[in-house]
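Chain by chain, the residues run as shown.
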Amino acid sequence: MKMLSDIAALFAFEGVCFDVSPYGNGHINDTYAASCRRGDGTAVRYILQKLNPYVFPDRRGLMRNMIAVTEFLRRSVLQRGGDPERECLNLIPLKDGSRYYESPDGDVWRATQFIENTDAYLVADDAEMYKDAGRAFGEFVNGLAGFDATSLFEVIPRFHDTANRYNTFEAAVKADRAGRLVGVPDEVRFVTDRKKMCPLVTNALAAGEIPVRVTHNDTKLNNVLIDVDTKKAVCVIDLDTVMAGSMLYDFGDGVRAGCSTAKEDEPDLDKVHFDENLFRAYAQGFLDGLGDGVTEKELALMAKSAVLMTFECGMRFLTDYLDGDVYFKTAYPEHNLVRARTQFRMVEEMEKLLPQMERDVAQAAKAAREKREKRK
Ligand code: ADP
Ligand code: GN1
Ligand code: MG
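Here the structure is a predicted model, which is why all the values come from computation and not from measurement.

K.L.:
Can you help me understand the overall build of the chain in this one?
P.N.:
Across its full length, the chain holds eleven helices and ten strands. A compact globule built from 376 residues would reach a C-alpha radius of gyration of about 21 Å, and the chain, at 21 Å, matches this within 12%. For the chain, the C-alpha atoms occupy an extent of roughly 60 × 60 × 40 Å along the three principal directions. By the burial criterion, 54% of the 376 residues in the chain qualify as buried.

K.L.:
What exactly am I supposed to notice about the site of ligand 1 here?
P.N.:
Lining the immediate environment of ligand 1, one finds 21 residues, of which Asn29, Gln49, Gln113, Ile115 and Asp238 sit closest. Between threonine 112 and ligand 1, the recorded distance is 3.5 Å, taken from a side-chain N or O atom to a nitrogen atom. Separating an oxygen atom of ligand 1 from a side-chain N or O atom of asparagine 223 is a distance of 3.0 Å. Across the complex, the protein chains shield 95% of the 550 Å² of accessible surface that ligand 1 would expose by itself. The cavity where ligand 1 resides is the largest pocket. Residue assignment for the shell around ligand 1 shows that the elements contributing at least two residues are β3 (43-50) and β5 (108-113). For the shell around ligand 1, a count of residues per class yields nine nonpolar, ten polar and two charged.

K.L.:
Teacher, can you tell me more about the nonpolar core here?
P.N.:
Where a protein is soluble and globular, its nonpolar side chains tend to be buried together. Of all hydrophobic cores here, the largest spans 105 residues; its most connected members are Leu144, Phe169, Val224, Val255, Phe279 and Leu318. Ranked by size, the runner-up nonpolar core spans 16 residues in total, among them Phe11, Phe13, Val20 and Tyr101.

K.L.:
Help me understand the site of ligand 2, please; the structure alone is not making it clear to me.
P.N.:
Around ligand 2, the structure places 16 residues, and the nearest of them are His27, Lys220, Glu264, Arg316 and Tyr327. The separation between an oxygen atom of ligand 2 and a polar side-chain atom of lysine 220 is 2.7 Å. Glutamate 264 places a polar side-chain atom, nitrogen or oxygen, 2.7 Å from an oxygen atom of ligand 2. Here ligand 2 has 440 Å² of accessible area as a free molecule, and 97% of this is covered by the chains. For ligand 2, the cavity whose grid points lie within 2 Å of the majority of its atoms is the largest pocket. Ranked by residues supplied to the shell around ligand 2, first place goes to helix α10 (residues 296-323) with three residues.

K.L.:
For this particular structure, what's the right way to read the coordination of the magnesium ion (ligand 3)?
P.N.:
Around a metal, the idealised angle for a tetrahedral arrangement of four donor atoms is 109.5 degrees; for an octahedral arrangement of six donor atoms it is 90 or 180 degrees. Protein-derived coordination of the magnesium ion (ligand 3) comes from Asn223 (OD1) and Asp238 (OD), at a distance range of 2.2 to 2.3 Å. Here the residue asparagine 223 occupies a position in the loop between β7 (213-215) and β8 (224-227), and aspartate 238 occupies one in the loop between β9 (233-236) and β10 (243-245), the gap between them amounting to 15 residues.

K.L.:
Looking at this structure, I do not really get the packing of helix α6 (residues 185-192) against helix α11 (residues 335-375). What am I missing?
P.N.:
Geometry of a packed helix pair, given as the angle between the helix axes and the separation of the axes. Closest axis-to-axis distance for the α6/α11 pair is 11 Å, and the angle between their directions is 45 degrees. Between α6 and α11, the interaxial angle falls into the category oblique. Our pair here, α6 against α11, has a crossing hand that is left-handed. Contact residues: Glu187, Phe190 and Val191 in α6; Leu337, Arg341, Phe344, Val347 and Glu348 in α11. Class assignment for the residues of the contact of α6 with α11 results in five nonpolar, no polar and three charged.

K.L.:
Can you help me understand the side chain of aspartate 325 in this one?
P.N.:
Along the chain, aspartate 325 falls in the loop between α10 and α11. Separated by 3.2 Å, the side chains of aspartate 325 and arginine 180 make a polar contact. Setting aside residues up to four positions removed in sequence, aspartate 325 forms contacts with Arg180, Asp320, Thr330, Pro333 and Asn336.

K.L.:
Just checking my understanding: could you explain the sheet that holds strand β1 (residues 16-22) for this structure?
P.N.:
Sheet strands pair via backbone hydrogen bonds, and the direction of the pair is either parallel or antiparallel. Sheet architecture is open: five strands sit in the order β1-β2-β3-β5-β4, paired in antiparallel fashion. Two strands close off the open sheet at either side, each with one partner strand: β1 and β4 (101-102). One ladder, built from five bridges, connects β3 with β5; its direction is antiparallel. Within β5, the residue paired with tyrosine 46 across the bridge is glutamine 113.

Reading the values: rules and limits
- Residues numbered from 1 in each chain as written.
- Chains lettered and ligands numbered in written order.
- Predicted model: local features only at pLDDT ≥ 70, side-chain atom pairs only at ≥ 80, totals over all residues.
- Heavy atoms only, no water.
- Helix = DSSP H or I, 4+ residues; strand = E, 2+ residues; numbered from the N terminus.
- Rg over C-alpha atoms; globule rule 2.2 N^0.38 Å.
- Buried < 20%, exposed > 50% of the residue type's maximum accessible area, 1.4 Å probe, protein only.
- Near = heavy atom within 4 Å.
- Polar contact = N/O pair within 3.5 Å; in protein donor to acceptor, adjacent residues only side chain to side chain.
- Areas by Shrake-Rupley, 256 points an atom, 1.4 Å probe, with all protein chains shown as cover.
- 1 Å grid on protein atoms, 1.4 Å probe; cavity = no way out; pocket = protein on both sides within 12 Å on 5 of 7 lines; lining within 4 Å.
- Sits in = over half its atoms within 2 Å of the grid points.
- Nonpolar A, V, L, I, M, F, W, Y, C, P; charged D, E, K, R; others polar.
- Core = buried A, V, L, I, M, F, W, Y, C linked by side-chain atoms within 4.5 Å.
- Donors = N, O, S within 2.8 Å, 3.2 Å for Na, K, Ca; no water.
- Axes fitted to C-alpha atoms, helices over the stretch in contact; angles between N-to-C directions.
- Parallel < 35°, antiparallel > 145°, perpendicular 65-115°, else oblique.
- Left-handed = near helix turned anticlockwise from the far one by under 90°.
- Contact = heavy atoms within 4.5 Å.
- Pairing = 2+ DSSP bridges.

As structure tokens, this is what we get:
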């Protein structure tokens, strides 16, 4: 088997690579920072990743998507006069010109530029930062409006099909593979009590009530890099799950990940609350970024989609706990359960605040419209 340094040496990095170290807080891939020294003594870093083979069985299909999407985004950044080295991910090819490395045992490795002077946040410093993250994710969907959704490979089938996720959860309860069911009766009941809400977005898509768009599908706060000086969102990353979907997935998941007063894996539930001020900020940023094309039906479902995506994620954590931690990376045996509990705490609080959240979305939509009209 090749060493990390051997793998790094396959890529067309500038200079000589002298260190490859684990990097970041992603739950899925193995991510490393590769540090290199150029001939003139200056240093340059790259992100080197081994794709998760369990989560992504078809990594060639995933990379086809990533190549097409990054090339499209690069052209858009150039067209608007932006800096493509900072505002979009660029794949760094191998020395032989290939776009990624496939090892003899089937592992897929890829590299991108390291976007320096940025940070990935687990919790936003303040509402302004989070609003700008929302703007970046909204712009991401808007920027891909001209990209043919049907050309994208479905990397994880039915990724945000919550009803299908529910069936998977039920199967995990039945199988009780890790013998953990006995310890989680309340959490299981929390999920089964909410079965009814699962098809909300997929039904609306299937009925043609809301448009199919190219969406990111994993809009957690640490999937947008924030400039450490200006605190503005610089670049949306983690493009593995870019697929055809609904903007409600991206809005809802962004709220799930960022509207909490605590980290996703905070064990002390007294610290975990849904922050309505952050919700208002995110809704404003996201709708500003999304621009003109948002439909009335999408607006009407935004608040509920936040509850649904939070519920879905909690259910996925609980499913993985029952399965014995086979999907998400965990640091200790109860990690997935702790994560599920924070999500369910958020769901409970959001359910109580739903009417107000709906008013907040309507208000944000109005403000976004007025801003656009003023600019015309
Ligand atoms: P995962 O799918 O495991 O979440 P990500 O692609 O999100 O993997 O990468 C994990 C982490 O690595 C990110 O949250 C971020 O901190 C960091 N990261 C990824 N790409 C870059 C990049 N191009 N520049 C700087 N940091 C990055
Ligand atoms: C995973 O890859 P990462 O860490 O950005 C997961 C998301 C979950 C999230 C929960 C491909 O995101 O769907 O919402 O963990 N990504 C995949 O933190 O399953
Ligand atoms: Mg990530």
